[in-house]
Amino acid sequence: MNRNKMITAVAVATVACGMFAGCAPRSTDAVIRIENNGKKDSLDYGYVNFVCRMNQARVDQANLASMGMGYWSQTAQTGSNQTNEDSAKDYIYQNIQGQYLARQHAADLGVKVTASDKKKIKKAAADFMKDNTKKAIDQVGAKEEYIEDFLEYETYYERVRAKVESSADDTVSDSEAKQSTFTYALFSTKSDSKSASGDSSISKEDKEKLLAKAKKVASASDFDKEAKKLKAETSTYSFTRAEDPGSDQAMDEKVITEAKKLADGQVSGVIEVKDKGYYVIRMDKTYDEAATKTKRKSLAEQKREEAFSKQMTSWKKKVKFTLNKKLWKQIKFTDLFTTKQTKNSDTGK
């Protein structure tokens, strides 16, 4: 799930009740209590429930067919006791806090939600209530005031983020950005199936055969032609020239180390990587201008995002959020949302 992208515009989320009835109870009790510089504030259950259920609705509508009916009760990831529901709610809780903080500090940054903005927000909320059935509205826990509040929070958040990121130092040095690109041929030593002992590697004899093939590629006059002829796995890879080889997240340190020794057009010897196979690489460009440009852009974006994250962390340290766990547990994703069915415009059916 991407940051604050589960709902981009409430007005476009038209929902229909799924086959499981039983919407979470609503309450005016505070589910999130907030202490901010001696001032107390809160967010009530009705609003928080709406935000959670609308996020669920967006996920259900987009992915229910592939996720399966039991998705929300399934374990979120291997080795975790947390369900997908709990994981999603944790994410939503963090977003709610972020939106609250952004709204609180908007004036400090000169960020406003104008009368014109509020008029559009009010219309979006009214359209949502008009475009959905009473059953769907009850299921999602919607009220016009909740929709308006959420869209206003979201507007503040996006504008505050843009303001902070626009003033961040996103300078990227040449050494940070410079990319080298090589083509590699890989003869994998991993088997498609595990042995009775759990070993997924191939036999010693097969390894020797692959090593012989790798040596042929390394000594060939035409790297590409020989790699293709011997059915090696081939691809290109770009890496940051100035970084330590061990810091690369996707390519083995031994391969990057050897790549740094090569000039344009040079081919390496055979590089054996444990549990992977035999690599042979050809340096295509020690300075890849296109890859460097792309890297510079991504690093600048990363620095802006980090600046915003740092600012949010700083603001959050001064505010205490307390979650009413009993009320929070009552927000459940047990009843699913499906896309509202419409008549086929071509057949009229």
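Residues numbered from 1 in each chain as written. Predicted model: local features only at pLDDT ≥ 70, side-chain atom pairs only at ≥ 80, totals over all residues. Heavy atoms only, no water.

Another aspect to go through is helix H3 (residues 115-131). Note that an α-helix has 3.6 residues per turn; residues three or four places apart therefore point the same way. Here H3 contains 17 residues, and its C-alpha end-to-end distance of 24 Å stays within 8% of the 24 Å for a straight helix at 1.5 Å per residue. Within H3 the residues assigned to the buried category are Asp117, Ile121, Ala124, Ala125, Asp127 and Phe128. With its buried residues spanning 160 degrees around the axis, H3 presents them on a single face. For H3, the exposed residues lying more than 90 degrees away from the buried face are Ala115, Lys119, Lys123 and Lys130. Where H3 is buried, its residues meet helix H1 (45-67), helix H4 (134-140) and helix H5 (144-166). (Helix = DSSP H or I, 4+ residues; strand = E, 2+ residues; numbered from the N terminus. Expected span 1.5 Å × (residues − 1). Buried < 20%, exposed > 50% of the residue type's maximum accessible area, 1.4 Å probe, protein only. Arc of directions from axis to C-beta. Contact = heavy atoms within 4.5 Å.)

In this structure, Ile32, Val48, Phe50, Val160 and Phe321 are the most contacted members of the largest nonpolar core, which totals 54 residues. In terms of residues, this core owes the most to one element, H1, which gives 11 residues. Listed in part, the 15 residues of the second largest apolar core include Val255, Ile271, Val273 and Met283. (Core = buried A, V, L, I, M, F, W, Y, C linked by side-chain atoms within 4.5 Å.)

Before going further, it helps to spend a moment on the sheet that holds strand E8 (residues 319-323). A sheet is described by the order of its strands in space; here 3 strands give the open sequence E3-E2-E8, paired in antiparallel fashion. Each edge of the open sheet carries a strand with a single partner, namely strand E3 (39-44) and E8. For this sheet, the mean angle separating the axes of adjacent strands, direction not counted, is 20 degrees. As paired strands, strand E2 (residues 30-36) and E8 are joined by 5 bridges and run antiparallel to one another. Paired with Ile32 across the bridge in E8 is Leu323. Across the sheet, helix H2 (residues 84-105) touches E2, E3 and E8, and the angle it forms with E8 is around 145 degrees. (Pairing = 2+ DSSP bridges. Axes fitted to C-alpha atoms, helices over the stretch in contact; angles between N-to-C directions.)

With that settled, consider the packing of aromatic side chains. Taken as a whole and judged by the stated rule, the model has 12 aromatic pairs. Where Tyr71 meets Trp72, the ring centres are 5.0 Å apart and the plane angle is 75 degrees; that geometry is what we call edge-to-face. Among the aromatic residues, those joined into a cluster by ring pairs are Phe182, Tyr184, Tyr237, Phe239 and Tyr279. A cation over an aromatic ring shows up here: Lys89 above the ring of Trp328, its NZ or CZ 4.9 Å from the ring centre. Positioned above the aromatic ring of Tyr153 is the side chain of Arg103, whose terminal nitrogen or guanidinium carbon lies 4.6 Å from the ring centre. (Phe/Tyr/Trp six-rings, centres within 6.5 Å; stacked < 30°, edge-to-face > 60°. Lys NZ or Arg CZ within 6 Å of the ring centre and 35° of its normal.)

Turning our eyes to something else, we now look at unusual backbone geometry. Look at Lys231: it is not a glycine, yet its phi comes out positive at around 60 degrees. Counting through the fold element by element, Lys231 comes out in the loop between helix H8 (223-229) and strand E5 (233-240). Its identity is not glycine, yet Asp275 carries a phi of approximately 65 degrees, on the positive side. With respect to the element layout, Asp275 can be found in the loop between strand E6 (271-273) and strand E7 (277-285).

The next thing to look at is a positive patch on the surface. Positive charge collects at one region of the surface, where Lys209, Lys213, Lys216, Lys225, Lys229 and Lys231 lie side by side. Counting residues per element, the positive patch draws most heavily on helix H7 (residues 204-219), at 3 residues. Within the secondary structure layout, Lys216 lies in helix H7. For Lys216, a relative accessible area of 48% puts it in the partly exposed group. (Patch = residues over 30% accessible without salt bridge, like charges linked within 9 Å, V, L, I, M, F, W, Y side chains within 5 Å. Areas by Shrake-Rupley, 256 points an atom, 1.4 Å probe, with all protein chains shown as cover. Salt bridge = Lys/Arg side-chain N within 4 Å of Asp/Glu carboxyl O. Lys, Arg positive; Asp, Glu negative; His and termini not counted. Charge placed at Lys NZ, Arg CZ, Asp CG, Glu CD.)

Moving on, we come to the pattern of salt bridges. Under the defined criterion, the tally for this structure stands at 14 salt bridges. Linking Arg103 and Glu152 is a salt bridge whose minimum nitrogen-to-oxygen distance equals 2.8 Å. Placement of the pair is Arg103 in helix H2 and Glu152 in helix H5, with a sequence separation of 49 residues. For Glu152, a relative accessible area of 13% translates into the label buried. Ionic pairing is found between Arg159 and Asp117, a salt bridge with its closest N-O pair at 2.7 Å. On the criterion of sequence distance, the pair formed by Arg159 in helix H5 and Asp117 in helix H3 is long-range, its members being 42 residues apart. With relative accessibility at 34%, the residue Arg159 sits in the partly exposed group.

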